[in-house]
Structure formats: structure tokens, C-alpha cells
Amino acid sequence: MKLVPLGDKIVLKQLEAEETTKSGIVLPGQAKEKPQEAEVIAVGPGGNIDGKEVVMQVKAGDKVIYSKYAGTDVELDGEEYIIVKQNDILAIVEA
């Protein structure tokens, strides 16, 4: 199966949370904060959304930072994804 987002929606796959801090402290499961960094899996077509022209600014494969409480969690074929609006993407992470 494949997720195909509509309008200004974007499908993200969350990157794994760090298990240790930069100083080497190992974090137990409860202390790990949900990361806000994800990889873009699929991007909607954009277009005319609520009377405004929306041009999609991200593409599949981009690594992005998104709003902490944004989106809808979805599970498909045992994989977890987050579907967000383009407005919920804060930045693209460039290497």
C-alpha cells in the first residue's frame, strides 16, 4: 500500500530518537522526547486550498523540522507515519 497525500498535506516518517545525549548519558525510554525531525515520504500536489494558491516547497527525501504537536499519526503496513499540512513544516534540514 502507498499513502498519497491530497492538497497541501505531506507524509513524514519520523527519524529515530537519540538513545544517548551528546555527553554520553544513556536515556531510558520515558526520558526520550519525540523528535521533531522527519523525512518527507510523499507530498500532495498543492493547488488552490481555501481560496489561496499553495505551492509545495518540500519534496520527497527532504529532511525537515516540524511543529511539535502537529499532524495525524497513521500506521500502514507496520510503519508509522505522520501526515501534516505544509504550514506545520518549520524548516528543511540541509547537509
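Remember, predicted model here, so these are calculated numbers, not experimental data.

Taken in spatial order, the six strands make up an open sheet running 6-7-1-2-5-8, and their pairing is antiparallel. A strand with exactly one partner marks an edge of an open sheet, and here the two such strands are strand 6 (72-76) and strand 8 (89-93). If you compare each strand with its neighbour and ignore which way they point, the axes differ by 45° on average. Pairing of strand 2 (residues 37-43) with strand 5 (residues 63-66) involves three bridges; the strand directions are antiparallel. Of the residues in strand 5, the one forming a bridge with E37 is I65.

One non-glycine residue, D50, lies in positive phi territory at about 50°. By the secondary structure assignment, D50 is in the loop between strand 3 (47-49) and strand 4 (52-54). At D77, a residue that is not glycine, the phi angle is positive and equals roughly 55°. Mapped onto the elements of the fold, D77 is located in the loop between strand 6 and strand 7 (79-85).

Attention now moves to the packing of aromatic side chains. This structure, assessed with the given rule, holds zero aromatic pairs. We note K13 situated over the ring of Y81; from NZ or CZ to the ring centre the distance is 5.7 Å.

Turning our attention to the pattern of salt bridges. Following the criterion strictly, the structure yields three salt bridges and no others. K13 serves as the salt-bridge partner of E79, at 2.5 Å between the closest nitrogen and oxygen. One end of the pair, E79, is in strand 7; the other, K13, is in strand 1 (residues 9-14), and 66 residues separate them in sequence. Given a relative accessible area of 33%, E79 falls into the partly exposed group. Classification of K13 by relative accessible area gives partly exposed; the value is 29%.

Scoring rules and cut-offs
Residues numbered from 1 in each chain as written. Predicted model: local features only at pLDDT ≥ 70, side-chain atom pairs only at ≥ 80, totals over all residues. Heavy atoms only, no water. Pairing = 2+ DSSP bridges. Helix = DSSP H or I, 4+ residues; strand = E, 2+ residues; numbered from the N terminus. Axes fitted to C-alpha atoms, helices over the stretch in contact; angles between N-to-C directions. Phe/Tyr/Trp six-rings, centres within 6.5 Å; stacked < 30°, edge-to-face > 60°. Lys NZ or Arg CZ within 6 Å of the ring centre and 35° of its normal. Salt bridge = Lys/Arg side-chain N within 4 Å of Asp/Glu carboxyl O. Buried < 20%, exposed > 50% of the residue type's maximum accessible area, 1.4 Å probe, protein only.

That's the geometry; what it means functionally is another story.
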